[in-house]
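Structural description and commentary
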Amino acid sequence: MTPADKTLVAKVETYLNAQKGLTANFLQVSADGATRTGKAWLQRPGKMRFVYDPPDPQLLVAGFGLLVYHDPALNQTTTIPLSSTPLSILLAPHVNLESAGVYITAINRQPGQVDISLARTHKEAAGSLTLSFSTDPLELRAWVVTDAQGKQTSVHLYDIAPAGPFPNSLFQYNQPSAPSTVGG
């Protein structure tokens, strides 16, 4: 990395480590081009909740070491260790983009924006994460997760506001109970 890259990475790390919690609206674009919107809550370390706008009933929750994705339309809940996802880089207790476990694969600068692409050391096949920041002021604006199959999902944040701390219950997934029937 160039000296300018090292300075930029240090600024980004300082910024991310200062972010303890935020709320934002989001626009998510899937690999197939489908778009969804909703509300996001992030709290470092390790917590995130995405609630999708109606009619989309899906829910994504990260907390307590797990990432849970629930799709009621399919009656399917997927749970994976947060540490096995690229998002764990962003939600780490201390963000260090040049640590032994993470490395920078690319830095792209554009007017008013910088993108930093990251992968986990020895886990490149699990996917990568590209963080996009506005530069004046420095602010996280988006990220792109590339999964193990090379499919990309981008999340664009807007109406970002510092917030928190949030109650732990916001980051817990509770299996919906089955509808009860009365009578007979």
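Residues numbered from 1 in each chain as written. Predicted model: local features only at pLDDT ≥ 70, side-chain atom pairs only at ≥ 80, totals over all residues. Heavy atoms only, no water.

**Details of the side chain of Gln28**
So the rule is basically this: Secondary structure counts use DSSP, requiring at least four H or I residues in a row for a helix and at least two E residues in a row for a strand, with both numbered from the N terminus. Relative accessibility under 20% of the residue-type maximum defines a buried residue, over 50% an exposed one, and the middle range a partly exposed one, all with a 1.4 Å probe and only protein chains included. As used in this structure description, the phrase polar contact means that two N or O atoms lie within 3.5 Å; if the pair is within protein, one of them must be able to donate a hydrogen and the other to accept it, and residues adjacent in sequence are counted only when both atoms belong to side chains. Throughout, a residue-residue contact means that at least one pair of heavy atoms, one from each residue, lies within 4.5 Å.
Considering the arrangement of structural elements, one finds Gln28 in strand 1 (residues 21-29). For Gln28, a relative accessible area of 9% gives the class buried. Within the local environment of Gln28, its side chain forms a polar contact with the side chain of Tyr52, the two groups lying 2.7 Å apart. Filtering out sequence-adjacent residues up to four positions away, Gln28 remains in contact with Ala34, Thr35, Arg36, Phe50, Tyr52, Thr153, Ser154 and Val155.

**Some points on the environment of Gly127**
Tracing the chain through its elements places Gly127 in the loop between strand 8 (113-120) and strand 9 (128-135). Residue Gly127 is classed as buried on the basis of its relative accessible area of 10%. If we skip the residues at most four places from it in the chain, Gly127 touches Pro86, Ala119, Thr146, Asp147 and Ala148.

**So, helix 1 (residues 3-18)**
Put simply, the test is: What a helix is expected to span follows from its residue count: subtract one and scale by 1.5 Å.
With 16 residues, helix 1 should reach 22 Å at 1.5 Å per residue; the first-to-last C-alpha distance of 23 Å fits that figure. Among the residues making up helix 1, those that are buried are Asp5, Leu8, Val9, Val12, Glu13, Tyr15, Leu16 and Asn17. Of the surrounding elements, those touching the buried residues of helix 1 are helix 2 (87-90), strand 7 (102-110), strand 8, strand 9 and strand 10 (138-146).

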